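Report on the structure
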Amino acid sequence: MSDSTTIYHNPRCSKSRAAMELLTEKGLKLDVVKYLDTPPNKQAITDLLDMLGLEPWELMRKGEQEYKDNNLADESLSRDDLIDAMVKFPKLLERPIVVKNGKAAIGRPIQNIIDIL
């Protein structure tokens, strides 16, 4: 396993900044993915969902305009449809997401991150 820790980070988000601070304080080697600048592809999102044990709608920020504008609450949408929407609109991804040793956690609350380290 890699000794690197990956964080899907949005510098404008206070929870994401708090997660970065925690990981930095722990002296971890970080791979920082500014996912709004470099959106994860379909396979990366699928892998994150698998590690988190979530379905796509559970990883989506439902308050975002893109969620509403694209009718992503439509229950007839498939898993692939929702993942495709997150690829197209990375702003929909809940944040921060930290990956370490094949485990992932959403940093809300930050204790979730501590639990996988």
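Residues numbered from 1 in each chain as written. Predicted model: local features only at pLDDT ≥ 70, side-chain atom pairs only at ≥ 80, totals over all residues. Heavy atoms only, no water.

A few words now on the packing of helix H2 (residues 42-52) against helix H4 (residues 79-88). Axis separation between H2 and H4 bottoms out at 9 Å; the angle between their running directions is 115°. Where H2 crosses over H4, the two elements pack in a sense that is right-handed. Counting all contacts with H2, which are made through Lys42, Ile45, Thr46, Leu49 and Asp50, the residues of H4 involved are Arg79, Asp80, Ile83, Asp84, Met86 and Val87. Looking at the contact of H2 with H4, its residues break down into 5 nonpolar, 1 polar and 5 charged. (Axes fitted to C-alpha atoms, helices over the stretch in contact; angles between N-to-C directions. Helix = DSSP H or I, 4+ residues; strand = E, 2+ residues; numbered from the N terminus. Left-handed = near helix turned anticlockwise from the far one by under 90°. Contact = heavy atoms within 4.5 Å. Nonpolar A, V, L, I, M, F, W, Y, C, P; charged D, E, K, R; others polar.)

The next point concerns helix H1 (residues 14-25). Counted at 1.5 Å a residue, the expected span for H1 with its 12 residues is 16 Å, and the 16 Å between its end C-alpha atoms agrees. Of the residues making up H1, those classed as buried are Ser16, Ala19, Met20, Leu22 and Leu23. One side of H1 holds all its buried residues, which, seen down the axis, span an arc of 160°. Facing away from the buried surface of H1 by more than 90 degrees, the exposed residues are Thr24 and Glu25. As for H1, its buried residues are in contact with strand S1 (4-8), strand S2 (29-33), strand S3 (97-100) and helix H5 (111-116). Just past H1, the residue glycine 27 takes up positive phi, approximately 70°. (Expected span 1.5 Å × (residues − 1). Buried < 20%, exposed > 50% of the residue type's maximum accessible area, 1.4 Å probe, protein only. Arc of directions from axis to C-beta.)

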